[in-house]
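Here are the chains, one letter per residue:
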Amino acid sequence: MLAVRSFAFIPVLILLLPSVSFLLALVGVESSLLGGAMSTRSAAAYVSAGILRRRVGSCADRLRSGDVTSLVGPALTSCTTSFHGRSLHLSSGSPLLFSTSQQDPNITGNEGSSILNIEQEMSKISAEITELNNGTEINPNSPAQVSAAIFGSRAGGTSIRPVPREVLLELVQGGDASAGGTGITERQRSLASLVLRHRQLKSLQRRHSDSGGPSVSSLGSGQQGTSQQQQQLAAFSTSASLDESAGEPPAVDDAEKELLAPPKHHDTARKPISSDRSPYGLLVDSFFNPSASLGQSKLDPYWHSVLDRIAKPSARAMVSQLDPYQCPMAYDPAATPYDARRTSVDNSANAGGDVVATATATATKTATTAKASTQGKKGSLLAYVREQKEKFPDCVVITRVGDFYEAFGVDAVLLVEFCGLNPMAGRAKAGCPIANIQPTLDCLTRSGFRVAVYEEAADTDAAIGGGAKGGSKSRLKNRMLAQIVSSASPTYLYDLILGNGDTLVTSPTARPHVGIISTASGYTIVEISSEERTVRVSERVTAEAVACKLAAYPPADPLFYVPSPGEEVASPSSVSSSLDRLPFLPSRSDPSIDGPGSRYRVKVLPSALLEDPSSRLTEVDRARKCIINALLKISEFNEYIENTKEAKPSQRRVTYEDFALIESPTVASASSCGRECTSTKPLYVETATQLGLMADATIPPLVSYLLPDSAPAPTRRFLRRWLLTPPPPHVADSMATIVRALKEEGMSLPPLSVPPLGKVLALMRAGQASAQVYREILSALDATVVVLNAYTSSPNSYQIASLSTLVQHESGIAADPNSVKARCLAAMEVIDEVVSTPQHSSYHRNEFVADPVHYYGDLIPFAFLERNEVTWRGRIKQAAAETAYKRVGDAADKLAEAVALDFWGISKYEGCSTDLSSSREERSPILQDIFNNMFAIKSIPAWAENTQYYHPRDRNGKELRTRYTTERVDQALKEYVASCEDASSAVKSVLAKLAKNLCDQGHLPAITQASHTNLILSTAAHHAANANALGWNMASIEDDSEQKHPGHFSNVWPYWMDRSESVGNTFTLDGLFLLTAPNMSGKSTVMRSTAAAALLTVCGLCAPLDSDSYVGRFDNIFVRGASADVPTESKSAFGAEMGDVAALLRACGENSLVFVDELGRGTSPKDGTSLAGAVLEAMASAGMSGFFATHLHSIFKLPLHPSAADRIITKRMTFVDAPKATDAFSGLEWTYKMEDGVCTESHALVTAARFGVPMDILSRAEALALCLDADNYLSTSETATYSESDDTSYSSTKRPEDQQMGVNGIRDSSSSWFEEVIMIVEEITNKKVVRVPPRWMPPPSLEGTSCVYVLEVGSPPRYYVGETDSLSKRLMQHRRKGGEWTMLKAAVVGIQGGKSDSRNVESLVIRRMAKIGYDMISIADGRQVRKASSDEFQ
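The rules behind these values
- Residues numbered from 1 in each chain as written.
- Predicted model: local features only at pLDDT ≥ 70, side-chain atom pairs only at ≥ 80, totals over all residues.
- Heavy atoms only, no water.
- Helix = DSSP H or I, 4+ residues; strand = E, 2+ residues; numbered from the N terminus.
- Buried < 20%, exposed > 50% of the residue type's maximum accessible area, 1.4 Å probe, protein only.
- Contact = heavy atoms within 4.5 Å.
- Areas by Shrake-Rupley, 256 points an atom, 1.4 Å probe, with all protein chains shown as cover.
- Phe/Tyr/Trp six-rings, centres within 6.5 Å; stacked < 30°, edge-to-face > 60°.
- Lys NZ or Arg CZ within 6 Å of the ring centre and 35° of its normal.
- pLDDT = per-residue confidence, 0-100.
- Pairing = 2+ DSSP bridges.
- Axes fitted to C-alpha atoms, helices over the stretch in contact; angles between N-to-C directions.

### Some points on the overall build of the chain
Here's step 1: The secondary structure content of the chain amounts to 51 helices and 34 strands.
Here's step 2: Out of the 1434 residues belonging to the chain, those deemed buried represent 53%.
Here's step 3: Counted over contacts in the chain with a minimum sequence separation of 6, partners at least 24 positions apart contribute 70%.
Here's step 4: Only carbon and sulfur atoms are counted for the fraction: they give 52% of the accessible area of the chain, which is about 62,500 Å².

### Section: the packing of aromatic side chains
Here's step 1: Counted under the stated rule, the structure contains 25 aromatic pairs.
Here's step 2: Taking the centre distance of 5.8 Å and the plane angle of 40° together, the rings of Phe-864 and Tyr-976 count as tilted. A residue pair is termed long-range when its members are at least 10 positions apart, and Phe-864 in helix α37 (residues 862-869) and Tyr-976 in helix α39 (residues 967-1000) qualify at 112 residues. Each member of the pair Phe-864 and Tyr-976 is classed as buried.
Here's step 3: On the numbers, 5.3 Å between centres and 80° between planes, the contact of Trp-872 with Tyr-885 is edge-to-face. Separated by 13 residues along the polypeptide, Trp-872 in the loop between α37 and α38 (882-902) and Tyr-885 in helix α38 bring together distant segments of the chain. Across the pair, Tyr-885 and Trp-872 agree in class, each one buried.
Here's step 4: The rings of Phe-1049, Phe-1067, Phe-1073, Phe-1155 and Phe-1187 are connected pair by pair, giving a single aromatic cluster.
Here's step 5: The residue whose ring lies beneath Arg-316 is Tyr-280, and the NZ or CZ to ring-centre distance is 3.9 Å.
Here's step 6: The ring of Tyr-1360 is capped by Lys-1377, whose NZ or CZ atom sits 5.8 Å from the centre of that ring.

### A short note on the confidence of the model for the chain
When pLDDT drops low, the exact placement of atoms in the prediction is not to be read closely.
Here's step 1: Taken over all residues, the pLDDT of the chain has a mean of 74, while the share at 70 or more is 70%.
Here's step 2: Contacts from residues 667-674, a stretch scored under 50 in pLDDT, to residues over four places away or in other chains number 13 contacts.

### Here's the deal with the sheet that holds strand β32 (residues 1347-1353)
Here's step 1: In spatial order, the strands read β31-β34-β32-β33; together these four strands make up an open sheet with antiparallel pairing. Two strands lie at the open edges of the sheet, namely β31 (1330-1332) and β33 (1358-1364), each paired on one side alone. Each strand of the sheet is rotated relative to its neighbour by a mean of 20°, with strand direction disregarded.
Here's step 2: As paired strands, β32 and strand β34 (residues 1385-1390) are joined by six bridges and run antiparallel to one another. Bridge pairing links Val-1350 to Ala-1387 in β34.

Structure (structure tokens):
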């Protein structure tokens, strides 16, 4: 009561309070703002600190003025009172809300007043915090800044200790675990209470905003949303967490949890328990269904489909131990590997019992008998992990425990299933050593999971002087959320600053966040790189192109989708329920094989989030602003950061403006190339697959043939993206200019560095970039400056202009050459002042290095010195941490002196020049202890006094009874180790400060553009070199105004074949080619080759054709190949084919290049022919150019429309008679040449024969073919007669020459086929072949001679071709394989030219036999042929 009398406004309170309950409620409000229910005594202490006086006074002032105020916190009591016509209701456990009794409290006006007052209250609290912090502004939501304000900070800016809510509460209540409850100043209490109050109001503000309430900006502008808009905004939840979050989020109460709606997994529905489910599936289903006795499951529904796909037995055994009714991890510490639940599952599998009932009963029993042990003692590690899992229920939670990272429950199951780890003692618990944390995280993020990693904070209790409550043994270590690692940010940015930069090459590539906006003109794709802070926007994209983008580059979780206003109805839930029907979502990946990352969770955003169209905002700006703001909102990107006027770039919030826009191709971009140009749209899934840009083992990968094997991995990723999303015309022209200059004009380049830019920028922003990373940056900056200096003023300065265009396109930043060079030089200067440039990969006593480890010969073991110094030396220049380096040097000299005197017995130490020959020890008496980082001697020297020697202690304080040291050595050793630790901290601080300076001083754009410059030049240089090696050329591009024909392809050949081994085709594409040809004659190859050449040309790259070729610009390049069924999409081959045809007809027109192969073969010939004719007619009428290949020859009889027929040009693949035909099925040879005309013979039997179909089958097929007339009906007059008496004779089909082939018309595989092989070898080598029958020895005359041999193995025969210098040994090795290999027979020929010529003959034989159709065991050695040798042996 004494404290109350001191209030100046007591009379006002007396009028307001009819009972004491109001005062208790008000105290309760203040206690709740401190984060929990505070006792009356604690509240009194709080009042005495002077804080409550200011808070209640401020509230009373606003009450007198009639303002509406909203405060948060559970009250200690309940009462209702009134003041100036306004009602105040306080109830235990509910928020304190002021409302007007005459007005509906739910109307927008009250909400707006409430949120505005929250903003005003937060501003006043921030001002008071600034006043208490000596005028320095801090962010109350930043743990580091709050810790520095309350406890101070160490050298280098690191905080003394973390400040979670529990620590702040203890400070306010007058005690603290760090100081034993003493020494806490009133300033610290006041700061802690104000910070807690600010965080509570911030949480209320977020909930108000997330629930659809009006924002401050909208209230200020007088805008009020309709009820429908509020409902739509309510659907926009804050369920996901930030990938780059660095602090611990505040607690979330039950009211806020109800507002959090997780993204929907588009292929996962709530699975009801059904009898056809396996026992394991029934068990998983039971985890997510409510129990009458145990209540609702605490396991997040996100894990339902994940647990369903668990396959490893060890992981499934862990699943059987889960108890979803205990905690969000479903971890039961009392469960055993062979408990009753697991047994019930196994028994149910055998006996068909009710596994769900059994599992539920077992769970009830477990919960009843082991309730105390399974709840997790408050303050224990398990309780802490459970609390964090509640905050991030859809994340895998991994916690640092000493030298391990551990996970529990469902999280541990994922470590076993996806990371290959083993369960701990068979329980639902797993972990990995600290050295393996990044590989473990890689396994999880590749599968699409997000991982919350918690680290142990430095324990400062001992340093501060206090002890933990309950004794040091029961003390729980301080832990903090270090980062949420995800597929968008897969690199764990913790404790990497002294590393060697391996993270740049070992961690997986980050996935982009993707937003898809449905518009009237198609879809808009927004791709956001959270690491690079860039955004790409593609407009007017079809659903098929979106599907291709998602398949080629799976997005990070979640996938944003903004439906069009027409798709939305009164409730946003109807859109969410139709996620499975979105046309771009189905993929051809199998989640059981590819993991959860192959499926997407979709976050539906209301269309109201798109800003209204205006003259200030383009459609691109509206799209990217919507998706970026959505990403920033659902993540905790800015959870603890607020903008201030003085904030530097490394400290302020990330906003929409921080993401650079990368230009995307648009149709008919006149501004780009100075005239109207057609830009090529992104490829479709089928097109990308047919051109080898998607994962398909049957199609040669295109990118592999664009670059040599030595090209860096980033260049391959660059080219794949470049081709999947072709660049705008002016950017493609710039790439062509650079490639042509490197290929033809002798343009040389300095050494180029291609670090992964996203990881580099993420490491720098996190302050974790190591010296090796800075060296990579320096190399990239230096190469950029050298190139700009070399070519800016040269006659070829146009190359720099083209390079600038490319860099600006890739970085989204203006790239004036002079500006880029100046900024690169400035960044180099900042880095060069700190980073030591010489390499530090090894330290040897005789090797000169810029920053060597101390070396005292045999006086001190060099390994000990190296172990303490190698981790931090060589990173920075000594001048950057001169004091720390000097301390290490002095401590090392002191240690050397102590060791020389006490361990070696040297009478006088003379520094490094001390002669050990004068010592009393003949050899080194020192024994190292690696685990305790120390050394000592084994026994007391005979020449020494026993009194000065004693047993040292290990790191745990235990005496080492078998070792001896002296006080002088022990003290010097401790000083040296401490100085090395301080030096390590100093190096870390210097490198972290360097990263901060580079961010704050604006050098990141220069680093970004230098990295892009190196990547572009490296890609172009490697591509140009590879093109010259393969004989590829650069075709010219005709713009729309110059175009005579869609293209002229001169001598185009397959990109996957060597030019000398392939056949080129020359043609002018002046219409739509109707291509007919026999099977295996090369029609599909010509089409794929032409499509690839056209795509490469419009992207500014070299292609497999002659330089006199030219290609027009196409708005679409569409390739439809042979069909296959798609089980994951429930599509037959014909259904998939029709889906692609529908996409072709929707998207392609007169500027499109299309390739359709064998349309309609998946249905009846009649329907297929009619459908193919209709599609062909539509394509020709629309003015499309390209190829239409078919075996449906009746298409020529269809009466196509004259306008379509005029544009159709008939083409065919030619063939000739074989000069050495041995039967009716080997009388043709393919030329692989295309010419004008029609081919109505497919010659399928010839192809079948070449692939080993038995001769009797071929003969019967030929006989049956005679029975079919032109209309595919049987003609009885021509029906073949089948003789039942002899099932091997066909009376009407046997030819005289067939009778000579052997029994039943089949060649004798033991004679005829092998004889043909011998003829092939003799024809190639012009030498006599030596036959080696089964089990025979080879001729001794061939030993020591290079030989080529052909082996015939098994029946039906298979063939193997090889070369060797030791024939007898090689044949013995083959025969030892056993089985049919023991009876192999060989044909051998000696080669006089040595091993090189024998390998070329081997390749020629393999190719010839494979081409004819022999069943080859291996063709791997048939890929490379030297042209000179191939000419010699032909």
